[in-house]
Amino acid sequence: MQIGLIKARPLASASLATMALYLALCNTDAAAIETGIYQPPDLSRFLLISGEDADGDGDGIKETHVVHYQDVAGDKVFSMTTKDRVWAWSMETPGEENAESGWNYVIRDSNCDGVFDEKYQLDEEFQVPDCLK
Ligand SMILES: [Ca+2]
């Protein structure tokens, strides 16, 4: 027996990152908020459509400015801004709500550090982050 000589091959950091990504992709809990680092949309192909004020935390005060954008293909994007800080982006490709690839999700900056670190499905609830209340 040479048990003491058996060593697991050390995982390179890239492999760990791949594994973390794989596990994130396999997490199919419908209500679970995914966390990671998500990129806001590139607005270069979008046109500004409209803006409105909305109540993002249910207190009756419309503290959130929502700006809607749309591109030629029909993709829709809107940003949510409170106290001059963009804290969420919603990205939707109409008609492809169930597609696994593509958009159809919301990303949120949960702690005002400029990184969009949470991802919600379009039908999930999300609110103004505590740091902007
Ligand atoms: Ca409110």
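Quick caveat, the model's predicted, so the values are computed rather than measured. All residue numbers here refer to positions counted from 1 along the written sequence of the relevant chain. The predicted origin of the model limits local features to residues at a pLDDT of at least 70 and limits the giving and counting of side-chain atom pairs to 80 or more, whereas totals for whole chains, interfaces and linings rest on all residues.

1. Looking at the overall build of the protein chain
A run of DSSP states H or I qualifies as a helix once it reaches four residues; a run of E qualifies as a strand once it reaches two. Both are numbered from the N-terminal end. Looking only at helices and strands, one finds 1 helix and 7 strands in the protein chain. Reading the secondary structure of the protein chain in the N-to-C direction produces α-β-β-β-β-β-β-β. Partly exposed residues are those whose C-beta has more than 12 but fewer than 20 other C-beta atoms within 10 Å; 20 or more makes a residue buried and 12 or fewer makes it exposed, with C-beta atoms placed from the backbone. By residue count, 13% of the 133 residues in the protein chain fall in the buried class. Any pair of residues counts as being in contact when their C-beta atoms, constructed from backbone geometry, are within 7 Å of one another. The contacts of the protein chain with a sequence gap of at least 6 include a subset with a gap of at least 24, amounting to 31%.

2. Structural notes on the pairing of strand 6 (residues 105–108)
Two strands qualify as a pair provided that DSSP identifies no fewer than 2 bridges between them. Where strand 5 (residues 85–92) lies against strand 6, 4 bridges are found, and the strand directions are antiparallel. Each bridged residue has a counterpart across the sheet, and for S90 the counterpart in strand 6 is V106. Pairing of strand 6 with strand 7 (residues 116–121) involves 4 bridges; the strand directions are antiparallel. Paired with I107 across the strands is K119, a residue of strand 7.

3. Here's the deal with the nonpolar core
Put simply, a nonpolar core is a cluster of buried Ala, Val, Leu, Ile, Met, Phe, Trp, Tyr and Cys residues tied together by C-beta atoms within 7 Å. Core analysis: the largest hydrophobic core is formed by 10 residues, namely V77, F78, M80, W87, A88, W89, V106, I107, F116 and V128. Put simply, the parts of the chain that give this core at least two residues each are strand 4 (76–82), strand 5 and strand 6. With residues near it in sequence (within four places) discarded, F78 still touches V66, V67, H68, Y69 and S90.

4. A closer look at the environment of D57
Summarising the element assignment, D57 is placed in the loop between strand 2 (47–54) and strand 3 (64–70). Measuring from C-alpha to C-alpha, the distance between D57 and P129 comes to 8.9 Å, with 72 residues separating the pair along the chain. Residues within four places of D57 in sequence aside, it is in contact with Q127, V128 and K133.

5. A few points about the confidence of the model for the protein chain
As a per-residue measure, pLDDT reflects the predictor's confidence and takes values from 0 up to 100. For the protein chain, per-residue confidence averages 80 on the pLDDT scale, and 71% of positions sit at 70 or higher. Low pLDDT, under 50, characterises residues 1–30; the stretch is placed with 5 contacts to residues that sit more than four places away or in other chains.

6. As for unusual backbone geometry
Located in the positive-phi region is K83, a residue other than glycine, with phi close to 50°. The residue K83 is located in the loop between strand 4 and strand 5 in this model. On the neighbour-count criterion, K83 (13 C-beta atoms within 10 Å) is partly exposed. The phi angle at C112 is positive, at roughly 60°, despite the residue not being glycine.

7. Section: the sheet that holds strand 5
Paired through their backbone hydrogen bonds, the strands of a sheet run either parallel or antiparallel. Pairing is antiparallel in the open sheet, where 7 strands are placed in the order 1-7-6-5-4-3-2. For this open sheet the edge positions go to strand 1 (34–38) and strand 2, each flanked by a neighbour on one side alone. Within the sheet, the average angular offset between the axes of one strand and its neighbour, ignoring direction, is 25°. Relative to strand 4, strand 3 runs antiparallel, the two being bridged by 6 bridges. Opposite Q70, over in strand 4, you have K76 as the bridge partner. Helix axes use the C-alpha atoms of the stretch in contact, all axes being lines fitted to C-alpha atoms, and the angles between their N-to-C directions lie in the range 0 to 180 degrees.

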